[in-house]
Amino acid sequence: MLIRTKSDIPSSEITPKQVYVNRRTFMAAAVAGLAVAAGKRAFGDTGKGSTPPLEKLATIASPLSTPGLTLTPYEDITHYNNFYEFGVNKDDPARNAHTLKTRPWTVKVEGLVSKPKTFDIDTLLKLRPMEERVYRFRCVEAWSMVIPWAGYSLSEFIRQCDPLSTAKYVQFLSDDNPKQELLPWNAGISWPYSEGLRMDEAMHPLTLLTFGLYGETLPNQDGAPVRIVVPWKYGFKSPKSIVTVKFVRKQPMTTWNEMAPNEYGFYSNVNPNRDHPRWSQKRERVIGAPIWRQLQPTLMFNGYGDQVASLYAGMNLLKYY
Ligand SMILES: Nc1nc2c(c(=O)[nH]1)N[C@H]1C(S)=C(S)[C@@H](COP(=O)(O)O)O[C@H]1N2
Ligand SMILES: [Mo]
């Protein structure tokens, strides 16, 4: 069953965001009563195109990689996911995201650029040498992983886009498969998933245009064929399966900020001193770690403060959360 009532779900499985979405889902499901049928249709064939098998990526070691961390097992990185387009439970995306066709795939560049352009994914894969970057990854739901990503700095891509000096922010839109509009849990979220960064955040060398993990192309559930990773921000600032990059003058609308602005801010820098209204951010559960080090203190800027704190000099980070 796609829709489960809260009492069907063991409490260990309920994550904060799930509870939030489920609350809206119940209402929608009660009205529709068609949820299961709609869900089946939604994960059927999604039209032309294909999903190529995972490929090896030749990566070079990066000086921007975080040393001394224990990697999260591949199995956890690929089976404990947030990708709401493919379901709200952590194991849903691994089961459902195969319906996403990742070839052909293009990334459209629009807005405040000297000339709009469209990049083919195979061009993007070859644009710069592929680096392996091990980063801490902290979800706003107070769990974390350590992931060996493969990609190159988003700044390298942005330079190819020729943004105008009037561009102050950049917005990312994920793929919006029209068939998935039927999904019952869409009640709360409007697709496409939208995220955004201030231009200096987007240009920071740590911000990664990401094509792979563990030396292979991304599995669909992790955002194939291309996603963003911003290691000092909560995980939802890393949009998956992106199809549009838009340069804009004003702070763009972002999915979670629009849905619950008091819970999810635009900046969403990892900050143990600013609790989420419904839970503490002081600690995190390290997914896949042995039990004696599963609970760890959360670090300011997820441990990347030396590199990024200056971006926010003079800003009240409790106000601009
Ligand atoms: N398009 C899209 N991107 C998304 C999400 C999503 O639901 N849809 N979830 C976000 C959240 S909340 C997190 S924590 C990360 C999870 O990435 P992972 O599953 O690869 O660990 O993806 C982010 N990007
Ligand atoms: Mo997240």
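Being a predicted model, the structure only gives us computed values, none of them experimental.

Cut-offs applied
- Residues numbered from 1 in each chain as written.
- Chains lettered and ligands numbered in written order.
- Predicted model: local features only at pLDDT ≥ 70, side-chain atom pairs only at ≥ 80, totals over all residues.
- Heavy atoms only, no water.
- Helix = DSSP H or I, 4+ residues; strand = E, 2+ residues; numbered from the N terminus.
- Buried < 20%, exposed > 50% of the residue type's maximum accessible area, 1.4 Å probe, protein only.
- Contact = heavy atoms within 4.5 Å.
- Pairing = 2+ DSSP bridges.
- Axes fitted to C-alpha atoms, helices over the stretch in contact; angles between N-to-C directions.
- Near = heavy atom within 4 Å.
- Polar contact = N/O pair within 3.5 Å; in protein donor to acceptor, adjacent residues only side chain to side chain.
- Nonpolar A, V, L, I, M, F, W, Y, C, P; charged D, E, K, R; others polar.
- Arc of directions from axis to C-beta.
- Core = buried A, V, L, I, M, F, W, Y, C linked by side-chain atoms within 4.5 Å.
- Phe/Tyr/Trp six-rings, centres within 6.5 Å; stacked < 30°, edge-to-face > 60°.
- Salt bridge = Lys/Arg side-chain N within 4 Å of Asp/Glu carboxyl O.

(A) The overall build of the protein, seen in detail. Scanning the protein from terminus to terminus reveals nine helices and 13 strands. Looking at the 321 residues of the protein, the share that counts as buried comes to 55%. Residue pairs in contact within the protein that sit at least 24 positions apart in sequence constitute 74% of those at least 6 positions apart.

(B) Representation of the sheet that holds strand β7 (residues 194-198) within the structure. The strand order across the open sheet formed by five strands is β3-β2-β11-β6-β7, and the pairing between neighbours is mixed. Looking at strand neighbours, the two that pair on one side only are β3 (117-120) and β7, the edges of this open sheet. Recorded for the sheet is a direction-independent mean angle of 20° between the axes of neighbouring strands. Across five bridges, the pairing between strand β6 (residues 169-174) and β7 is antiparallel. Its bridge partner lying in β7, Phe172 is registered against Glu195. Contacts from helix α6 (residues 154-161) reach β2 (106-111), β3, β6 and β11 (242-248) within the one sheet, and its direction differs from that of β3 by about 135°.

(C) Main features of the site of ligand 1. Near ligand 1, the surroundings consist of 17 residues, among which Tyr84, Glu85, Asp222, Arg227 and Lys240 are the closest. Interatomic distance of 2.9 Å between a side-chain N/O atom of Ser174 and a nitrogen atom of ligand 1. Interatomic distance of 2.8 Å between a backbone N/O atom of Ser238 and a nitrogen atom of ligand 1. Residue composition of the shell around ligand 1, grouped by class: seven nonpolar, five polar and five charged.

(D) Looking closely at α6. Of all the positions in α6, only Leu154, Ser155, Phe157, Ile158 and Cys161 are classed as buried. Burial along α6 is one-sided: seen end-on, the buried residues are contained in an arc of 155°. Downstream of α6 by one or two residues, Asp162 has phi in the positive range, about 50°.

(E) Quick peek at the nonpolar core. Within the largest apolar cluster, 77 residues are counted, with the highest numbers of intra-cluster contacts made by Trp149, Phe157, Leu209, Phe211, Trp232 and Phe247. Of all the elements, strand β5 (residues 143-153) adds the most residues to this core, at six residues. When near neighbours in sequence (up to four residues on either side) are disregarded, Phe247 contacts Val109, Glu110, Gly111, Leu112, Val113, Ile158, Cys161, Pro163, Ala167, Tyr169, Val170 and Met199.

(F) Inspection of the packing of aromatic side chains at higher detail. Counted under the stated rule, the structure contains 16 aromatic pairs. Between Tyr74 and Tyr214, the aromatic rings sit 5.7 Å apart at their centres with planes inclined by 75°, giving edge-to-face as the arrangement. With Tyr74 in helix α3 (residues 74-79) and Tyr214 in the loop between β8 (208-213) and β9 (216-217), the pair connects residues that are 140 residues apart, well separated along the chain. Relative to Phe211, the ring of Tyr152 has its centre 5.4 Å away and its plane inclined at 40°; by these criteria the two rings are tilted.

(G) Fine view of the pairing of strand β4 (residues 131-138). In terms of burial, β4 is a largely internal element, six of the eight residues being buried. As paired strands, strand β1 (residues 60-61) and β4 are joined by two bridges and run parallel to one another. Following the sheet pairing, Ala61 is matched in β4 by Glu132. Of the pairings in the sheet, the one linking β4 to β5 comprises eight bridges and is antiparallel in character. Looking across to β5, one finds that Phe137 is bridged to Met145. With antiparallel pairing between neighbouring strands as the criterion, β4 and β5 make up a hairpin whose turn holds four residues, including Ala142 at a positive phi of roughly 70°.

(H) Structural context of the pairing of β6. Of all six residues making up β6, five are buried, and the element is well covered by its neighbours. Relative to β11, β6 is paired through six bridges, and the arrangement is antiparallel. By the bridge assignment, Gln171 is partnered in β11 with Lys246.

(I) Spatial organisation of the pattern of salt bridges. This structure, assessed with the given rule, holds 14 salt bridges. One salt bridge connects Asp91 with Arg95, and the closest N-O pair in it is separated by 3.5 Å. For Asp91, a relative accessible area of 42% translates into the label partly exposed. Of the charged contacts, one joins Glu201 and Lys233 as a salt bridge, the two residues approaching to 2.8 Å between their closest N and O atoms. Taken together, the residues Glu201 in helix α7 (residues 199-203) and Lys233 in the loop between β10 (227-229) and β11 connect sequence positions 32 residues apart.

So far we have only geometry, and geometry alone does not tell us how the molecule works.
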